[in-house]
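For reference, the chains in residue letters:
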Amino acid sequence: MDIIKKINPSKKEREQVNKTIDSFLKKIKRKLKDATPEVGGSMAKDTWLAGDHDIDIFVKFPYKKYKTQNISKILQERLKGIKYQVLHGSRDYLQVKEGKYLFELIPVLDISHSSKLANITDVSPLHAQYVKKHNHNPIQIRIAKAFLKANNLYGAESYIKGFSGYVTELLILHYKTFPNLIKAASSWKPRTIIDLSNYYKNNNEVLKNINKDKITNLILIDPVQTERNAAAALSEEKYFEFIQLCKDYLRHPKKEYFELKDFNIKELKEKARKNKLITFIIAPLNGKPDVVGSKILKVFNYFNDKIRKEGFKIIESKWQWKDEALLYYIVKNEKLSNQTIHYGPFTRDEDNVLKFKQKWKKIYYTKDRVYVKLKRVNNTINKLSKFLLKDNYVRSNIKSIKLKVY
């Protein structure tokens, strides 16, 4: 499979990454005193993809000494002199940029069992240990990650709600190979329960012990924290999208399923044909990716709602974010009437009908509702798109925005 050559780090890349990590650890170790830095995430588990140089470092503080202390603040104080950015989460962590490498320093309590955690991040090193111990075929995990990434299904962040790295790893540990996962997932039901450590006797016992708020379409028992659904962040939309993707891949397995494609304006224009292609290029705010991505998603959904509510028909809309975000909407090319109908209360609601009449003066009646006729200012998608650029809600969620209409 050609994809393996692209996603599997070469010997040279591994050597360079390891050299950079060793150098960084030496630089911070002397500052950390009794706290111990430890490589975590996909680097520790040997499941990282070629070219992916985001490196998690767990800074482990002795449990007894620090269990009641603010270890985030302690970590910041000890790393004075090193340029870092504080990112907010369930426990604040630090981000350090070194050339093309991005280190995330995550303070955790050094625990041996999930029952001792004081914060959800404390259990993350145990996840890494579990996967390292059971990961006998890392290339299968890499293939699965590449497949999910290429189809915008990878990542548990709130603006994605897809498969986290840990969930992807556990699925391969359970199904053994990528082909097995694809074949099994193509037959997943509206609810799938996977308990790869066989901790529970049956599915009913699973449902009794899992937090009711964390019961989703895919319930994947965390072998490190058995009362936790590791896949709780996966949305219903992404779950069923993955099932359909697996079915499509089984019918026509092609390398394109593993290649992340940037939006191509020429192709989008051809797809739009006689319709309008509206694109917004957004420079996002600075901050934690999860927060920044959520703000872009809010703008994307806001535009969707505004365009539809104005009366235009959206044929297709998607968004993509790298350094900048590109939002596109293919909209039926039509000129709307100069008037729009704004409906008020039902006629039986006399009090609110009176208030509606006082506000609008001239009102009209249907069989059971009242309404007013309003002048439509933005009767073409071009006008509406330009109007949306100035919207205060949009401006509050981004740094800058540009519009192009084709």
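My aim in this report is to walk through the structure given alongside it, one point at a time. (Residues numbered from 1 in each chain as written. Predicted model: local features only at pLDDT ≥ 70, side-chain atom pairs only at ≥ 80, totals over all residues. Heavy atoms only, no water.)

Concerning the sheet that holds strand S12 (residues 364-365)
Inference 1: On the basis of which strands lie adjacent, the open sheet formed by three strands has the order S11-S13-S12 and antiparallel pairing. The two strands at the open ends of the sheet, each matched to only one other strand, are strand S11 (339-346) and S12.
Inference 2: Relative to strand S13 (residues 369-375), S11 runs antiparallel, the two being bridged by six bridges. Paired with Thr-340 across the bridge in S13 is Leu-374. (Pairing = 2+ DSSP bridges. Helix = DSSP H or I, 4+ residues; strand = E, 2+ residues; numbered from the N terminus.)

Considering the packing of helix H7 (residues 138-150) against helix H8 (residues 165-175)
A packed helix pair is summarised by two numbers, namely the angle formed by the two axes and the spacing between the axes.
Inference 1: Where H7 contacts H8, the two axes come as close as 9 Å, and the packing angle between them is 130 degrees. In terms of axis orientation, H7 runs oblique to H8. Between H7 and H8 lies a crossing of right-handed hand. When H7 is examined against H8, the residues Gln-140, Ile-141, Ala-144, Lys-145 and Leu-148 are found in contact with a partner set consisting of Gly-165, Thr-168, Glu-169 and Ile-172. (Axes fitted to C-alpha atoms, helices over the stretch in contact; angles between N-to-C directions. Parallel < 35°, antiparallel > 145°, perpendicular 65-115°, else oblique. Left-handed = near helix turned anticlockwise from the far one by under 90°. Contact = heavy atoms within 4.5 Å.)

Let's talk about the environment of Thr-177
Inference 1: Along the chain, the position of Thr-177 falls in the loop between H8 and helix H9 (178-185).
Inference 2: Of the residues examined, Thr-177 reaches a relative accessible area of 22% and is grouped as partly exposed.
Inference 3: The spatial distance from the C-alpha of Thr-177 to the C-alpha of Ala-144 is 8.8 Å, given a sequence separation of 33 residues.
Inference 4: Excluding residues within four positions of it along the chain, Thr-177 makes contact with Gln-140 and Ile-172. (Buried < 20%, exposed > 50% of the residue type's maximum accessible area, 1.4 Å probe, protein only.)

Re the pattern of salt bridges
Inference 1: Evaluated as defined, the whole model comprises 17 salt bridges.
Inference 2: In this structure, Lys-60 and Glu-38 form a salt bridge, with 3.1 Å as the shortest nitrogen-oxygen distance. Placement of the pair is Lys-60 in strand S2 (residues 54-62) and Glu-38 in strand S1 (residues 36-39), with a sequence separation of 22 residues.
Inference 3: The exposure class assigned to Lys-60 is buried, which follows from its relative accessible area of 11%. (Salt bridge = Lys/Arg side-chain N within 4 Å of Asp/Glu carboxyl O.)

Brief notes about the packing of helix H13 (residues 289-310) against helix H15 (residues 381-389)
Inference 1: For the pair H13 and H15, the least separation of the axes is 11 Å and the interaxial angle reads 140 degrees. When the interaxial angle is binned, H13 and H15 end up oblique. Our pair here, H13 against H15, has a crossing hand that is right-handed. Taken together, the residues of H15 that come into contact with H13 (itself represented by Phe-303, Lys-306, Ile-307 and Glu-310) are Ile-381, Leu-384 and Leu-388.
Inference 2: Its residues assigned to classes, the contact of H13 with H15 comprises five nonpolar, no polar and two charged. (Nonpolar A, V, L, I, M, F, W, Y, C, P; charged D, E, K, R; others polar.)

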